[in-house]
Amino acid sequence: MKMIELRSDTFTKPTKEMLEAMFAAEVGDDVFEEDETVKALEQKAALLFGYEAGLFCTSGTMTNQIAINVHVKQGDEVICDKLSHVYMYEGGGIAANSHASVNLLTGDRGRLTATMVEENIQPDNVHHCVSRLVSLENTVNKGGGAIYDLNEIRKIKEVCKKHNMALHLDGARIFNALVETGETPREYGCLFDSMSVCLSKGLGTPVGSLLLGTEDFIYQARRVRKRFGGGWRQAGYLAAAGIYALDHNILRLKEDHARAKEIAKIMLAHPEVTEILPVDTNIVIFSLKENLTSDDYTKQLLTKGIKAAPFGKHQVRMVTHLDFNDHHLEEFRKRMSGV
Ligand SMILES: *Cc1c(COP(=O)(O)O)cnc(C)c1O
């Protein structure tokens, strides 16, 4: 039986057209800033979001960790939601790489408000960390793909300005938010001092994330990337996949969202499933009844030819993506009706 892959939108493989674009890339040594395809990707993404410059990196973890490292000094703190990828899923990188602390807030499905941020900024006295950076995530992975309200981000930006703090966006899935709300990349770009954008999630490239910011910020980020071991050579083969993805794979994300909603409907009909987070984009997170663990349930699903990810003890995540089409959805429906 052919497996239906729903663990993550990172399992996609490049299409023939993307591979052709990769093979045709003009490349050079990117550590010497001589890879024209990497430069073209960085400029294209920067322009799209209205930034001065971009830096192509191996992963979203790397772009986030570089950004944090540039923004904070040791002993400073990063204000973020407790569900944030930068806190939960980056190997303790804020502490290990930047010797910084976190001020974890509990938002609504991972989304903070300006009031929450302002109320939690540390007073300026010797007892406290300096609150230096606010890091937001859009969409929120652990919040079930939740989308931020752009007006709330504008208010958070005002708070950051007033208190002399930087604002970073973990936009691993920013395009999922944008296609859903109809907002433009530039409306976002002007609000954040730095932004991470993943190419290897919904956009379907094999590798790569972009960090965006001012010329000066990216200048510093390039040095940190080298220090982290992330300087690379003929990366243009991978950058070509990114250019292809930005040109072809953004608008189709809406299809992933529609299919995720269908998956949620199918799952809700099952007695093992007690609750499903609202499905705003391409992520479906549901809870299982108390006596059923996510490990056991995902093993049951495997016998039906469905791969889903345990996401906490009693929660399971399913993510739609480029390699999950209507045919796969109908097959999923069939297999689930047999559970
Ligand atoms: C996937 C993801 C990242 C980056 O992950 P990598 O696997 O390091 O590319 C960052 N933030 C969020 C919200 C993510 O979902």
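The coordinates are above.
Here the structure is a predicted model, which is why all the values come from computation and not from measurement.

**Notes on the overall build of the chain**
For step 1, the next point in the chain: Counting secondary structure elements, the chain contains 14 helices and 13 strands.
For step 2, the next point in the chain: Since a compact globule built from 339 residues should have a radius of gyration of about 20 Å, the 20 Å found for the chain is in line with a globular shape.
For step 3, the next point in the chain: Evaluated residue by residue, the chain yields a buried proportion of 56% over its 339 residues.
For step 4, the next point in the chain: A separation of at least 24 residues holds for 75% of the contacts in the chain among residues at least 6 apart in sequence.
For step 5, the next point in the chain: Surface exposure of the chain reaches about 14,700 Å², of which carbon and sulfur atoms provide 52%.
For step 6, the next point in the chain: Here the chain contributes 40 positively and 46 negatively charged side chains, and the mean placements of these two sets differ by 4 Å.

**Description of unusual backbone geometry**
For step 1, the next point in the chain: A cis amide bond links Asn-138 with the next residue in sequence, Thr-139, at an omega value of -5 degrees.
For step 2, the next point in the chain: Relative to the assigned elements, Thr-139 resides in the loop between β5 (131-137) and α7 (150-162).
For step 3, the next point in the chain: Despite not being glycine, His-99 shows a phi value in the positive range, around 50 degrees.
For step 4, the next point in the chain: With respect to the helices and strands, the residue His-99 is situated in the loop between α5 (93-98) and β4 (101-105).
For step 5, the next point in the chain: A positive phi angle, near 45 degrees, is found at Arg-109, a position not held by glycine.

**Things to note about the pattern of salt bridges**
For step 1, the next point in the chain: The full count for this structure, using the stated rule, is 25 salt bridges.
For step 2, the next point in the chain: Close ionic contact of Lys-162 with Glu-118 constitutes a salt bridge, the shortest N to O distance being 2.7 Å. With Lys-162 in helix α7 and Glu-118 in helix α6 (residues 114-119), this pair connects stretches of sequence that are 44 residues apart.
For step 3, the next point in the chain: Residue Glu-118 is classed as partly exposed on the basis of its relative accessible area, which comes to 30%.
For step 4, the next point in the chain: Ionic pairing is found between Glu-255 and Arg-259, a salt bridge with its closest N-O pair at 3.1 Å. Within this pair, Glu-255 and its partner Arg-259 are both found in helix α12 (residues 253-268), separated by 4 residues, close to a single helical turn.
For step 5, the next point in the chain: A residue is classified by how much of its surface remains accessible, and Glu-255, at 39% relative accessible area, is partly exposed.
For step 6, the next point in the chain: Exposure remark for Arg-259: the relative accessible area of 8% places this residue in the buried category.

**Comments concerning helix α11 (residues 236-248)**
Given 3.6 residues per helical turn, the α-helix brings residues three or four places apart onto the same face.
For step 1, the next point in the chain: In this model α11 runs 18 Å from its N-terminal to its C-terminal C-alpha over 13 residues, within 8% of the 18 Å that 1.5 Å per residue would give.
For step 2, the next point in the chain: Among the residues of α11, Gly-236, Ala-239, Ala-240, Ala-241, Gly-242, Ile-243, Tyr-244, Ala-245 and Leu-246 are the ones counted as buried.
For step 3, the next point in the chain: Contact partners of the buried residues in α11: α1 (16-23), α2 (36-49), β2 (53-57) and α8 (174-181).

**Details of the nonpolar core**
For step 1, the next point in the chain: Among the nonpolar cores identified, the biggest contains 52 residues, and Leu-136, Phe-175, Tyr-188 and Phe-192 are the most heavily contacted of them.
For step 2, the next point in the chain: Sort the elements by how many residues they give to this core and α11 lands first, with 6 residues.
For step 3, the next point in the chain: Sequence-distant contacts of Phe-175, that is, excluding residues within four places in its chain, are made with Leu-48, Phe-49, Val-197, Leu-203, Leu-246, Ile-250 and Leu-253.

**Points about the packing of aromatic side chains**
For step 1, the next point in the chain: For the structure shown, the criterion picks out 5 aromatic pairs.
For step 2, the next point in the chain: Judged by centre distance (5.5 Å) and plane angle (55 degrees), the ring pair of Phe-49 and Phe-175 falls under tilted. One end of the pair, Phe-49, is in helix α2; the other, Phe-175, is in helix α8, with 126 residues separating them in the sequence.
For step 3, the next point in the chain: The buried category is assigned to Phe-49, whose relative accessible area is 2%.
For step 4, the next point in the chain: Residues Tyr-89 and Phe-311 carry aromatic rings whose centres are separated by 6.3 Å and whose planes lie at 20 degrees to one another, so their mutual orientation is stacked. Taken together, the positions of Tyr-89 in the loop between α4 (85-88) and α5 and Phe-311 in the loop between β12 (309-310) and β13 (315-319) put the pair 222 residues apart, joining distant regions of the chain.
For step 5, the next point in the chain: A relative accessible area of 33% means that Tyr-89 is categorised as partly exposed.

What counts and what doesn't
- Position labels on residues start from 1 in each chain and follow its written sequence.
- Whole-chain, interface and lining totals are the exception, using all residues; otherwise, since this is a predicted model, local features are given only for residues with pLDDT of at least 70 and side-chain atom pairs are given and counted only at 80 or more.
- The side-chain quantities take in all heavy atoms of the structure and omit both hydrogens and water.
- Counting from the N terminus, the helices are DSSP H or I runs at least four residues long and the strands are E runs at least two residues long.
- A radius of gyration in this sense is built from C-alpha atoms; the matching globule rule multiplies 2.2 Å by the number of residues raised to 0.38.
- Relative accessibility decides the category of a residue: with a 1.4 Å probe and only protein chains considered, values under 20% of the type maximum give buried, values over 50% give exposed, and everything between is partly exposed.
- A contact between two residues is defined here by any heavy atoms of the two lying within 4.5 Å.
- Each accessible area is a Shrake-Rupley estimate made with a 1.4 Å probe; only the visible protein chains count as cover when residues are assessed.
- The charge count treats Lys and Arg as positive and Asp and Glu as negative. His and the chain ends do not count.
- Here the site of a charge means NZ on Lys, CZ on Arg, CG on Asp, or CD on Glu.
- Between Lys or Arg on one side and Asp or Glu on the other, a salt bridge is scored when a side-chain nitrogen of the former is within 4 Å of a carboxyl oxygen of the latter.
- Expected span of a helix, by definition, is 1.5 Å for each gap between consecutive residues, and there is one gap fewer than residues.
- Take the buried Ala, Val, Leu, Ile, Met, Phe, Trp, Tyr and Cys residues and link them wherever side-chain atoms come within 4.5 Å; each set so joined is a nonpolar core.
- To pair, rings of Phe, Tyr and Trp, with the six-membered ring standing in for Trp, must have centres within 6.5 Å; the planes then decide the type, stacked if under 30 degrees apart, edge-to-face if over 60, and tilted in the middle.

Coordinates in, geometry out; function isn't part of it.
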